[in-house]
Amino acid sequence: MLILESVINQYLAMGPETLDKLAVFNGKIIKLEMTGINRAYYLFPNDSGIQVKTEHEGPVDTVLSGSPVSLFKMGLVANAADMLLKGEVEISGDTRLGHQFKNVFSQMDIDWSEPLANMLGDSVAYQIQQSGKRLGQWGKDTIKSVSRSVSEYLQEESRDVVTETELEIFNDAVDQLRNDVDRLQAKIRSLSK
């Protein structure tokens, strides 16, 4: 377990303010249940890092359960509500604690320039960092473009999805029909008396 613990703590040390945030978890035990590989890890966070164990006899405060990929992804995204709703990850026990623990990782803002500069030199580190930023922006732009194109195709070409305007017109027509039926029922009731 020393390897996993060491990797986690080296990562945490890259964002020194993260260790301060972990101090509020002193004495808490968080269980990670990794579905698909049937593994469980017990995390003991404190202000100096996270101790990782594969066995623990006793109660835990929070259980985070999901596939290894889902659990990793949950630590990166700012809002995990979508993952929780889809059932990719489940939180049981003290759910508030589980969300707070997850937020420590998703809010980490690591400055990679110093470790890269120490390994590769300043100019190479700067080029890698700039390339990473451009790649990230290209990825975001590509996702937006593909999403827009798919939306337009489904609405305009295949007509599988209606546009917002068409939906509003339909809803207005339904409202009008409902009002007409209500008036007709009232008129029938008044004539039948």
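Our subject is the structure listed above.
This text gives an overview of the structure that appears in the document.

Definitions and limits used
Residues numbered from 1 in each chain as written. Predicted model: local features only at pLDDT ≥ 70, side-chain atom pairs only at ≥ 80, totals over all residues. Heavy atoms only, no water. Pairing = 2+ DSSP bridges. Helix = DSSP H or I, 4+ residues; strand = E, 2+ residues; numbered from the N terminus. Axes fitted to C-alpha atoms, helices over the stretch in contact; angles between N-to-C directions. Contact = heavy atoms within 4.5 Å. Core = buried A, V, L, I, M, F, W, Y, C linked by side-chain atoms within 4.5 Å. Buried < 20%, exposed > 50% of the residue type's maximum accessible area, 1.4 Å probe, protein only. Polar contact = N/O pair within 3.5 Å; in protein donor to acceptor, adjacent residues only side chain to side chain.

1. Observations regarding the sheet that holds strand S5 (residues 89–93)
No. 1: The 5 strands lie next to each other as S3-S2-S1-S4-S5, forming an open sheet whose pairing is mixed. Edge positions in the sheet fall to strand S3 (49–53) and S5, since each of these pairs with one other strand and no more. The sheet shows a mean angle of 25° between the axes of neighbouring strands, taken without regard to direction.
No. 2: The sheet contact formed by strand S2 (residues 39–46) and S3 spans 5 bridges and is antiparallel. The residue of S3 that forms the bridge with tyrosine 42 is lysine 53.
No. 3: Helix H5 (residues 95–106) rests against strand S1 (30–34), S2, S3, strand S4 (62–66) and S5 of the sheet, and its axis sits at about 130° to S5.

2. Some thoughts on the nonpolar core
No. 1: Judged by nonpolar contacts, the single largest core of 21 residues is most densely connected at Leu12, Leu22, Leu43, Ile50, Leu64 and Phe101.
No. 2: Contributing elements (two or more residues each) for this core: helix H1 (2–13), helix H2 (16–22), S1, S2, S3, helix H3 (68–76), S5 and H5.
No. 3: Not counting the four nearest positions on each side in its chain, leucine 22 is found in contact with Leu12, Pro45, Asn46, Asp47, Gly49, Ile50, Phe101 and Val104.

3. Here we look at the environment of leucine 32
No. 1: Structurally, the position occupied by leucine 32 is in strand S1.
No. 2: Considering only alpha carbons, one finds leucine 32 and proline 68, 36 residues apart in sequence, at a separation of 9.2 Å.

4. Quick word on unusual backbone geometry
No. 1: Phi angles above zero are rare outside glycine, and asparagine 38 is one such case at about 50°.
No. 2: In this structure, asparagine 38 sits in the loop between S1 and S2.

5. A word on the side chain of asparagine 9
No. 1: You can see asparagine 9 is positioned in helix H1.
No. 2: Engagement of the side chain of asparagine 9 in a polar contact is seen with the backbone nitrogen of isoleucine 50, the distance being 2.7 Å.
No. 3: With residues up to four places along the chain from it excluded, the contact list for asparagine 9 reads Ser48, Gly49 and Ile50.

6. Here we look at the environment of histidine 99
No. 1: Of note, histidine 99 is situated in helix H5.
No. 2: Residue histidine 99 is classed as partly exposed on the basis of its relative accessible area, which comes to 32%.
No. 3: Setting aside chain neighbours within four positions, we find histidine 99 in contact with Leu84 and Ile91.

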